[in-house]
Amino acid sequence: MIPKAIFDWFNSFFGRKKLEISDQQSIEEKEVTQEAEVSVSSLGKPTLNQKYLSRIRNFSPLSNLKSILQKLAVILLIFTFLLILFFTGTRVFTSLRKNSAQDSALTPTPTPLDYQGYKPSIWAEDKNILKLEEDINILEKELGTNIRDTSLTPPILDFEIKF
Amino acid sequence: MKNQKKFIFLIFLIISFLSIIFPRKAYSQENDFEKLYQEYLTTFDEYRKTHSDYSFKKAQYLRFKTLKSQEEAFNATLTMLQKRDDLVIAFSKVLKEKLKISSEVGVPKNEPLNARIDQEVGWFNEHKEKLTSAASLENLVKDSNEAKLRFAKIQVLSYDLLATISEAKIIVLNKRTREILDRVKNKFEEIKSQDNVEDKFSTYKLQIIDRWIFESENRLIRGEEKLINAQSLIATFASKQTGDNALSLYNQSQTVLGESQLFFKEAISSLKEVIREIKIAE
């Protein structure tokens, strides 16, 4: 029930389905048209032409408001969508410009020192050498730790009890 | 297919069961230490509170000298002394647990230290019970002085224990450094005996590597000498009677152990250079 009502309300913005107005509203509209016909005829004036009658019959303040609201909602949605598109576009554009600027900044410049490439020996991939290297690195880290424990020094207590 | 799935599920169950059971042991050891340490801190807070109450009641008694103030001072002192004994017992338990989780300390050093801790805990438990039989403030003062002398032993014991743990760590690091040095030397011999002329290192490169190994060995030997010095210092803990002396000896031993550690670190750095030289072609 509830999801259906939401769905119908949403669809009403796109004019897919008209909202069903309550019986009370339709009765009120009928009464208005009837009253209009009666009041006009009682004055003795010439009868209202068909055009006015049809306008009165079709007139409903609620449906007018509804159509305005629908149009407003559609315009708002379109505007929001365009806004999002605009901001995304500007962001993408600026980031592209930055990347190209960075790329231009990262172009290599000549350095005074000659870079000597690391040429591995036949032992570079030797598993014993790699294992040794790993063990050395682990031990080096452990040798960097502090062996002194400062959390377990004896508590300072008051032993000077005198009266 | 169904049987296969059941089998895989069974294997998964067994593995997860085992993975829950086995790590629990290591976690529970650390957990026990943390728990005891928290208890020690809580007892310390309680001691502080009872001590401030004792100070207040003592001041009142010394000022008014009434029977009531005397009684209150007596009760406050008794509570404080009992809490002090609790604190010493809690601290001893923490020391014992610390020794237990320090796997580097071997059994020959572990057992005497544990025995001493148990002895002190036993003494303070008895002392705490003895306090309840005190009849006057003078009795409490006398009991407190007994605890003071005994606490000096706890201080010496604690510094001895901490120094032993540090020493054990350095001994393990020394062994590992020595083992790595031996492996590097063996590998270097293998490289030197390389038959292929194209892959063989030049004499110059071999000399560089040799010098690094020599440097590393020198550093290691110096580190081991420092370790021996530290060990001889730690062995004199038994002769220390007071906490202040024990603290100064502890500081000395830590300094020497730190120097030893530094030498081992330099030895490892030299070995790192050896590996780097071996990995780079000429």
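Residues numbered from 1 in each chain as written. Chains lettered and ligands numbered in written order. Predicted model: local features only at pLDDT ≥ 70, side-chain atom pairs only at ≥ 80, totals over all residues.

### Let's talk about the overall build of chain B
Here is step 1: Looking only at helices and strands, chain B features six helices and zero strands.
Here is step 2: Across chain B, helices and strands are ordered from the amino to the carboxyl terminus as α-α-α-α-α-α.
Here is step 3: Relative to its 282 residues, chain B shows a buried fraction of 32%.
Here is step 4: Summarising the internal contacts of chain B: among those between residues at least 6 apart in sequence, 81% fall at separations of at least 24. (Helix = DSSP H or I, 4+ residues; strand = E, 2+ residues; numbered from the N terminus. Buried ≥ 20, exposed ≤ 12 C-beta atoms within 10 Å, placed from the backbone. Contact = placed C-beta atoms within 7 Å.)

### Details of the overall build of chain A
Here is step 1: When you go through chain A residue by residue, the secondary structure sums to five helices and zero strands.
Here is step 2: Reading the secondary structure of chain A in the N-to-C direction produces α-α-α-α-α.
Here is step 3: Counting every position in chain A, which comprises 163 residues, the buried fraction comes to 4%.

### Observations concerning the UniProt feature "transmembrane region" (unreviewed entry) in chain A
Here is step 1: Taking the numbering used here, the UniProt-annotated feature "transmembrane region" (unreviewed entry) corresponds to residues 68-88 of chain A.
Here is step 2: Along residues 68-88 of chain A one finds 100% helix and 0% strand; the C-alpha atoms at either end are 30 Å apart. (UniProt positions renumbered as here; feature names shortened; annotations may be inferred.)

### Here we look at the packing of helix α2 (residues 67-101) of chain B against helix α4 (residues 137-192) of chain B
All names here are of chain B.
Here is step 1: Where α2 meets α4, the closest approach of the two axes is 11 Å, and the angle between their N-to-C directions is 15°. The angle between α2 and α4 falls in the class roughly parallel. Between α2 and α4 lies a crossing whose hand is left-handed. Facing A73, F74, T77, L78, L81, D85, V88, S92, L95 and L99 of α2, the residues of α4 in contact are L137, L140, D143, S144, A147, F151, I154, S158 and L161.
Here is step 2: Here the residues of the contact of α2 with α4 are counted per class, giving 13 nonpolar, four polar and two charged. (Axes fitted to C-alpha atoms, helices over the stretch in contact; angles between N-to-C directions. Parallel < 35°, antiparallel > 145°, perpendicular 65-115°, else oblique. Left-handed = near helix turned anticlockwise from the far one by under 90°. Nonpolar A, V, L, I, M, F, W, Y, C, P; charged D, E, K, R; others polar.)

### As for the interface of chain A and chain B
Here is step 1: Contacts between chain A and chain B engage 30 residues on the former and 48 residues on the latter.
Here is step 2: Each residue belonging to the side of chain A that touches chain B can be placed in one class, and the counts come to 18 nonpolar, three polar and nine charged.

### Concerning the confidence of the model for chain B
Residues and elements named next belong to chain B.
Here is step 1: Per-residue pLDDT for chain B has a mean of 90; in total, 94% of the residues score no lower than 70.
Here is step 2: The secondary structure element of chain B with the lowest average pLDDT is helix α1 (residues 2-64), at 81, and the one with the highest is helix α5 (residues 203-234), at 96.
Here is step 3: For this predicted complex, the interface score ipTM comes out at 0.80, while the overall pTM is 0.66. (pLDDT = per-residue confidence, 0-100.)

### Some remarks on the environment of E282(B)
Residues and elements named next belong to chain B.
Here is step 1: Following the sequence through the fold, E282 ends up in the segment after α6 (243-279).
Here is step 2: For E282, a count of 10 C-beta atoms within 10 Å gives the class exposed.
Here is step 3: Residues E282 and K205, 77 residues apart in the sequence, show an inter-C-alpha distance of 7.9 Å.
Here is step 4: Discounting chain neighbours no more than four positions away, the residues touching E282 are F201, S202 and K205.

### Observations concerning unusual backbone geometry
The phi angle of most residues is negative, glycine excepted, and most peptide bonds adopt the trans form.
Here is step 1: Positioned with a positive phi, K65(B) is a non-glycine residue whose angle comes to about 55°.
Here is step 2: Exposure remark for K65(B): the 9 C-beta atoms within 10 Å place this residue in the exposed category.

### With respect to the packing of α4(B) against α5(B)
Residue and element names in this part refer to chain B.
Here is step 1: Viewed as axis vectors pointing N to C, α4 and α5 meet at an angle of 160°, and their least axial separation amounts to 10 Å. Judged by the angle between their axes, α4 and α5 are roughly antiparallel. α4 and α5 meet at a crossing whose hand is left-handed.
Here is step 2: Across the contact of α4 with α5, the residue classes break down as 13 nonpolar, six polar and six charged.

### Structural notes on α5(B)
Residue and element names in this part refer to chain B.
Here is step 1: Along its 32 residues, α5 runs 46 Å from first to last C-alpha, staying within 8% of the 46 Å computed at 1.5 Å per residue.
Here is step 2: Looking only at α5, the buried set comprises I209, W212, S216, R219, L220, G223, K226, L227, A230 and I234.
Here is step 3: Contacts from the buried residues of α5 go to α4 and α6. (Expected span 1.5 Å × (residues − 1).)

### Points about the confidence of the model for chain A
Here is step 1: Per-residue confidence for chain A gives a mean pLDDT of 76; residues scoring 70 or more make up 60%.
Here is step 2: Mean pLDDT across the elements of chain A bottoms out in helix α2 (residues 23-42) of chain A (53) and peaks in helix α5 (residues 127-143) of chain A (96).

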